[in-house]
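Architecture at a glance
Here is how the chains run, residue by residue.
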Amino acid sequence: MHFDLVDLRLFVHIAEANSLTRGAERSHMSLPAASVRIKNLEEGIGAKLLYRSSQGVTLTPPGQAFAHHARLVLHQLEHLRGDLQEYAQGVKGHLRVFASTTAITEFLPAVLRRYLATHPDVNIDLRERLSSDIVRAVSEGQTDIGIISGNVRTEGLEVLPYRKDRMVLAVPVGHALARHKAVPFADTLACDHVGLHEASAMHTFLHQRASDLNRAIKLRIQVGSFEAACRMIEAKVGIGILPESAALRYRKTMAIRLVQLKDDWALRHLHVCMRSLELLPAFARDLVDLLRADADE
């Protein structure tokens with residue numbers, strides 16, 4: 001069975017737009033030409049790919065599978081093109097790493113500094129994502145290595161233990177909650193919170209935990225880092241939840257108090273995941289080795 005890259009891009013455009021017309025436009029193709037290509041695809045596959053109606057088109061189950069694999073193929077081609085361009089510029093490796101907020105801010109800077117110092121011909125694309133999204137990205141080949149936290153299903157992936165960290169509540173000196181050694185997350189929701197920006201994985205994670213309680217976080221202000229959050233907490237703008245490793249560091253110089261959270265999810269185990277360690281290029285396995293060594297420190 002032969003697939004044309006033009007057909008793959010056309011079908012992805014149609015799927016994203018839910019419209020044959022707009023998909024054809026995005027592919028710089030006339031509507032009749034696009035219709036013929038889709039018809040030939042369906043005949044070649046032997047299955048209907050689109051449901052057509054007056055409101056547009058939707059994907060049939062075979063169409064959903066085709067769109068999924070088409071995106072993977074196109075993504076890999078873009079990755080190949082980028083890698084080859086970097087080889088031409090003297091860069092011999094490109095490594096994609098997706099990680100949780102805590103991993104990126106607390107643990108990875110030192111590891112990546114050591115790695116890049118010994119691998120000057122490798123570039124790293126580091127992105128912050130939710131753990132569930134990281135697992136999906138690793139499974140689909142969108143990233144080479146993932147660093148996840150919490151209880152996430154990782155069937156089909158190779159997983160190595162990395163670090164552990166605890167989420168704690170930070171409050172200003174004199175706050176009513178500062179008198180407690182530990183509180184449930186639910187008890188914090190009556191207070192104004194200092195939170196990270198909406199694009200951060202931790203923002204999404206904490207809002208999901210509040211949603212699980214049918215509650216909402218009262219965000220008084222959003223900031224871009226744990227240090228900024230602690231400064232706002234010290235200034236009594238609100239309270240905040242952040243990794244204990246970061247909170248302990250900033251408590252040394254700021255007038256804040258730390259309170260343990262009673263919730264099970266507050267203790268977070270971090271893991272490194274990949275589709276196959278053996279199939280990773282040598283320069284990627286070198287990073288995994290550094291992460292293993294960092295886990296033992």
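The present account deals with the structure reproduced in this document.

Parameters and conventions
- Residues numbered from 1 in each chain as written.
- Predicted model: local features only at pLDDT ≥ 70, side-chain atom pairs only at ≥ 80, totals over all residues.
- Heavy atoms only, no water.
- Helix = DSSP H or I, 4+ residues; strand = E, 2+ residues; numbered from the N terminus.
- Buried < 20%, exposed > 50% of the residue type's maximum accessible area, 1.4 Å probe, protein only.
- Lys, Arg positive; Asp, Glu negative; His and termini not counted.
- Charge placed at Lys NZ, Arg CZ, Asp CG, Glu CD.
- Contact = heavy atoms within 4.5 Å.
- Disulfide = S-S within 2.5 Å.
- Arc of directions from axis to C-beta.
- Salt bridge = Lys/Arg side-chain N within 4 Å of Asp/Glu carboxyl O.
- 1 Å grid on protein atoms, 1.4 Å probe; cavity = no way out; pocket = protein on both sides within 12 Å on 5 of 7 lines; lining within 4 Å.
- Points joined across faces, edges and corners; volume = space filled by probe spheres on them.
- Nonpolar A, V, L, I, M, F, W, Y, C, P; charged D, E, K, R; others polar.

Attention now moves to the overall build of the chain. A count of helices and strands for the chain gives 10 helices and 12 strands. Reported as C-alpha extents along the three principal axes, the dimensions of the chain are approximately 70 × 50 × 30 Å. Among the 297 residues that make up the chain, the fraction classed as buried is 44%. Charged side chains in the chain number 37 positive and 34 negative. The centres of these two groups are separated by 6 Å.

Glancing now at the environment of A186. Relative to the helices and strands, A186 is located in the loop between β7 (182-183) and β8 (192-196). Placed 30 residues apart in sequence, A186 and A216 show a C-alpha to C-alpha distance of 9.7 Å. When residues no more than four places from it in sequence are discounted, the contact partners of A186 are L213 and R215.

Using the criterion set out here, one finds zero disulfides in the structure. C191 forms no disulfide, and the closest cysteine sulfur to it belongs to C230, at a distance of 16 Å.

The next thing to look at is helix α6 (residues 131-139). Turning to α6, its buried residues number three or more, namely S131, I134, V135, A137 and V138. All buried residues of α6 project into a common sector of 165° when viewed along the axis, lining one side. Phi turns positive, to about 80°, at G141, one or two residues after α6.

It is worth spelling out the pattern of salt bridges at this point. Applying the stated rule across the entire model yields 12 salt bridges. Between E16 and R26 there is a salt bridge, with the nearest N and O atoms lying 3.0 Å from each other. Taken together, the residues E16 in helix α1 (residues 5-17) and R26 in helix α2 (residues 20-26) connect sequence positions 10 residues apart. With relative accessibility at 44%, the residue E16 sits in the partly exposed group.

Mapped onto the elements of the fold, F185 is located in the loop between β7 and β8. In this structure, F185 is in contact with L206, R209, A210, L213, I217, I241, L261, D263 and W265, ignoring residues within four places of it in sequence.

The next subject is empty space enclosed by the protein. One pass over the structure, following the stated rule, counts one cavity of 30 Å³ or more. In this structure, the largest cavity spans a volume of roughly 130 Å³. Contributing to the lining of the largest cavity are 15 residues, with V194, G195, L196, L206 and I241 lying nearest its centre. Within the residue set of the lining of the largest cavity, elements represented by two or more residues are β8, α7 (201-212), α8 (226-234) and β10 (240-243). Of the residues belonging to the lining of the largest cavity, the class tally is 10 nonpolar, five polar and no charged.

Honestly, that's just the spatial picture; any functional story needs more than this.
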